[in-house]
Amino acid sequence: MTTPALLPLSGRRIPTLSPGASSFTHHRATLRLSEKFILLLILSAFITLCFGAFFFLPDNSKHKRFDLGLEDVLIPHIDSPKEGKHGSGQVIIHGQGGHDENRHREEEESLRNKIRADHERALQEAKEKLRKSRKEVKAEIQTEKAKIIEDLKKKEAGPKPLPPVPMPKVVGVSDGEPPEADAKEKRDKIREMMKHAWDSYRQYGWGHNELKPLAKKGHSTNIFGNSQLGATIVDALDTLYIMGLHEEFKDGQEWIEQNLDFSVNAEVSVFEVNIRFIGGLLAAYYLSGQEVFKVKAVQLAEKLIPAFNTPTGIPWAMVNLKSGVGRNWGWASAGSSILAEFGTLHMEFVHLTYLTGNPVYYQKVMHIRKLLAKMDRPNGLYPNYLNPRTGRWGQHHTSLGGLGDSFYEYLLKAWLMSDKTDTEARKTYDDAIEAIERHLIRKSNGGLTFIGEWKNGHLERKMGHLACFAGGMFALGADGSPDDKAGHYLQLGAEIAHTCHESYDRTVLKLGPEAFKFDSGLEAVAVRQNEKYYILRPEVIETYWYMWRFTHDPKYRQWGWEAAQAIDKYCRVSGGFSGVKDVYSSNPTYDDVQQSFFLAETLKYLYLLFSSDDLMPFESWVFNTEAHPLPVLHLGNITLPGSEPAQR
């Protein structure tokens, strides 16, 4: 049998048969349908191949380089990661100009060689097909048909069911009514505020990630990509459940069952969707027992795994949920990943391995921990930036506020969540906090304890609102501190709580600014205009709650109620709650965003502050950095897949 030849026709190349094949073509009218079908497939393949070659083989006589010639272009934008837990107000787009000419030629030659190889392989496959008997061809067709049918059946059947695992003992998930009448009245007011925030979102922004309460329409930021993933619904579920708002919880569950789809072409923040979506879905599952939440959490987690495909295993900051392609924020130091992002996965990923039996989640986060343990740390401090390609630190900037905060929080909470068996996490936390105390924590001239930021060997005497969470963290970690320093850390937590309350009390609105200074005679006051805003953040109220739980000092409830009243007075509008742009102005303008974390964190912490201690007890629950409660895993002699037995 002869081989096909290629003849030009109207500038294109299509497959036909050489003259020596005339005896074959003379009888083509008598071919059976299956043989015609095979020939048609082969011809179609040749047409497709040659059509591609025509367009993609470079023509040196006509080929010209198209080079954007852009240098790094700074583009300011409003929807920066600052609206999340941390970030910057700019994105850098790296230009594609300046490629080496030799490299360009090599790429062209490589492309030519690839097309030639594909062409030759297709010719060889065509020869083999034409040599086969009719019976063999028919068998191949049947095999392919059966495979397609099997694939369709698998797709229709849905994802493989998750293995059954023992449900952790769930206690203290409802009621919690305080014995004090005034506390009950205040708690009811917080529930009413939650109802207003939820109902407004339900009416004006349902299915969108967040709400614009003045414009009364949906809102989204770049941390969620360009898709409507219902971030507020997922973030608010456990708050609704804890508050006993079960009809609202049911509405959210129905939306998730019918609409939440992660197979979308959207580039999302790995950190933000982990703490909000995976954390929120896991918490909703543990509280309600509804399988849909667990299934959705695992579906999303599988979409995040490609972000870890870097030379070091340190994940990219962003990943495309459809393609799995990852990259880092353009503004981060020299293409670095961020400590508080890749260091805030442990709690959720341990629970994912526990629920699925898949060791990959646990192994990914433990690899990060082991890599960090091997690295030198300047002055014992962890810089906020780490390059995922080289495994080297970026700019030497250390902070317990944005960019660093929740890394330290998750070291402590990994220990607590393991039923205090993960002693490696506890030791790492203690060492890190010792270095932070030595280099970052100072007392102002006015006697206020604050946490500054370490930049290239210099302490910047500025504290961010985000760093105010640390008061609660110090109190939470006091028990178990080395060298009998429990009292010291409880006192340190109280001092941070006092400083952060002062940052609220020294404003006109009695709401805290984004950042505040401690120099030039100014203390706990914002100086720059772009640090005077309040975007419904929870960190100060979070610390009040932890301090209340550990001390029952009534001032923490008093301070929390002051904040709740200020939010209700200055941030409440008819369409929900909005952030304000200047807490020092008696007539502030709104930013017109109801953040999802307002429902997940701020209102939850306020509600718990005025509840009894048997609601979400610390012995049974650990809150992730988005205030989503995850149960303590009392594993005993059981070990997680892919882990070593825990040592007490």
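Residues numbered from 1 in each chain as written. Predicted model: local features only at pLDDT ≥ 70, side-chain atom pairs only at ≥ 80, totals over all residues. Heavy atoms only, no water.

Now for the sheet that holds strand β17 (residues 462-464). Taken together, the three strands give an open sheet; going across it, the order is β17-β18-β19, and neighbouring strands pair in antiparallel fashion. The open sheet has two free edges, formed respectively by β17 and β19 (522-525), since each of these has just one partner strand. If you compare each strand with its neighbour and ignore which way they point, the axes differ by 20° on average. Pairing of β17 with strand β18 (residues 515-519), which is carried by three bridges, proceeds in the antiparallel orientation. Note on β18: the bridge partner recorded for Lys-462 is Lys-517. (Pairing = 2+ DSSP bridges. Helix = DSSP H or I, 4+ residues; strand = E, 2+ residues; numbered from the N terminus. Axes fitted to C-alpha atoms, helices over the stretch in contact; angles between N-to-C directions.)

Annotation from UniProt places "binding site: Ca(2+)" (unreviewed entry) at Thr-625. Tracing the chain through its elements places Thr-625 in the loop between β22 (621-623) and β23 (629-631). A distance of 2.9 Å separates a polar atom in the side chain of Thr-625 from a polar atom in the side chain of Glu-409. (UniProt positions renumbered as here; feature names shortened; annotations may be inferred. Polar contact = N/O pair within 3.5 Å; in protein donor to acceptor, adjacent residues only side chain to side chain.)

Once that is clear, we can look at the sheet that holds strand β9 (residues 326-327). Taken in spatial order, the three strands line up as β7-β8-β9 in an open sheet, and their pairing is antiparallel. Both edges of this open sheet fall to β7 (267-269) and β9, since each of them pairs with a single strand only. Of the strands in this sheet, β7 and β8 (318-320) are in contact with helix α8 (residues 270-288), which crosses β7 at around 70°. (Contact = heavy atoms within 4.5 Å.)

Moving on, we come to the confidence of the model for the protein chain. Mean pLDDT over the protein chain stands at 85; residues scoring 70 or higher make up 80%. Considering only residues more than four positions removed or in separate chains, one finds that residues 1-33, a stretch of pLDDT under 50, has 38 contacts. Throughout residues 87-100 the model reports pLDDT below 50, and contacts reaching past four residues in sequence, or to other chains, amount to 43 contacts. (pLDDT = per-residue confidence, 0-100.)

It is worth spelling out the state of the cysteines at this point. What the rule picks out here adds up to one disulfide. Between the sulfur atoms of Cys-468 and its disulfide partner Cys-500 the distance amounts to 2.1 Å. The chirality of the disulfide connecting Cys-468 with Cys-500 is left-handed, given an S-S dihedral of about -95°. Here Cys-468 is found in the loop between β17 and α15 (470-476), whereas its partner Cys-500 is found in helix α16 (residues 486-505), with 32 residues between them in sequence. (Disulfide = S-S within 2.5 Å.)

The next point concerns the pattern of salt bridges. Counting across every chain of the model gives 33 salt bridges. Where Asp-199 meets Lys-195, a salt bridge forms, and the shortest distance between an N and an O atom there is 3.0 Å. Taken as a pair, Asp-199 and Lys-195 lie in helix α5 (residues 181-204) at a separation of four residues, close to a single helical turn. A relative accessible area of 32% means that Asp-199 is categorised as partly exposed. For Lys-195, a relative accessible area of 30% translates into the label partly exposed. A single network of salt bridges, built from pairs that share partners, joins Lys-455, Glu-460, Lys-462, Arg-528 and Glu-531. (Salt bridge = Lys/Arg side-chain N within 4 Å of Asp/Glu carboxyl O. Buried < 20%, exposed > 50% of the residue type's maximum accessible area, 1.4 Å probe, protein only.)

So, about α5. Here α5 spans 35 Å end to end across 24 residues, near enough to the 34 Å set by a 1.5 Å rise per residue. Those residues of α5 that sit buried are Ala-183, Arg-187, Ile-190, Met-193, Met-194, His-196, Ala-197, Trp-198, Ser-200 and Tyr-201. (Expected span 1.5 Å × (residues − 1).)

All right, on to the UniProt feature "active site" (unreviewed entry) in the protein chain then. Following the UniProt record, one finds the feature "active site" (unreviewed entry) at Glu-272, Asp-405, Glu-514 and Glu-539. Checked against the element boundaries, Asp-405 lands in helix α13 (residues 405-417). For Asp-405, a relative accessible area of 5% puts it in the buried group. Looking at the element boundaries, Glu-539 is found in helix α17 (residues 539-551). Judged by its relative accessible area of 3%, Glu-539 is buried. Within the structure, Glu-539 has its side chain in polar contact with the side chain of His-465 (distance 3.0 Å).

Topologically, Asp-592 is positioned in the loop between β21 (576-577) and α19 (596-609). For the buried residue Asp-592, which engages in no salt bridge, the nearest side chain bearing the opposite charge is Lys-212, 4.1 Å off. Look past the residues within four positions of Asp-592 in its chain and what remains in contact with it is Leu-211, Lys-212, Pro-213, Leu-214, Ala-215, Ser-578 and Gly-579. (Lys, Arg positive; Asp, Glu negative; His and termini not counted.)

The next subject is the packing of aromatic side chains. Aromatic ring pairs: the centre-centre distance and the angle between the two ring planes describe each pair. In this structure the tally under the stated criterion is 30 aromatic pairs. Here the aromatic rings of Tyr-241 and Phe-249 are separated by 5.2 Å at their centres, their planes lie at 70°, and the arrangement is edge-to-face. Each member of the pair Tyr-241 and Phe-249 is classed as buried. Between the aromatic rings of Tyr-544 and Trp-559, the centroid separation amounts to 5.6 Å while the plane-to-plane angle is 55°, which identifies the pairing as tilted. Here Tyr-544, found in helix α17, pairs with Trp-559, found in helix α18 (residues 554-570); they are 15 residues apart in sequence, far enough to count as distant. In this pair, the class of Tyr-544 matches that of Trp-559, namely buried. Chaining the aromatic ring pairs together yields one cluster made of Trp-545, Tyr-546, Phe-550, Tyr-605, Phe-618 and Phe-623. (Phe/Tyr/Trp six-rings, centres within 6.5 Å; stacked < 30°, edge-to-face > 60°.)

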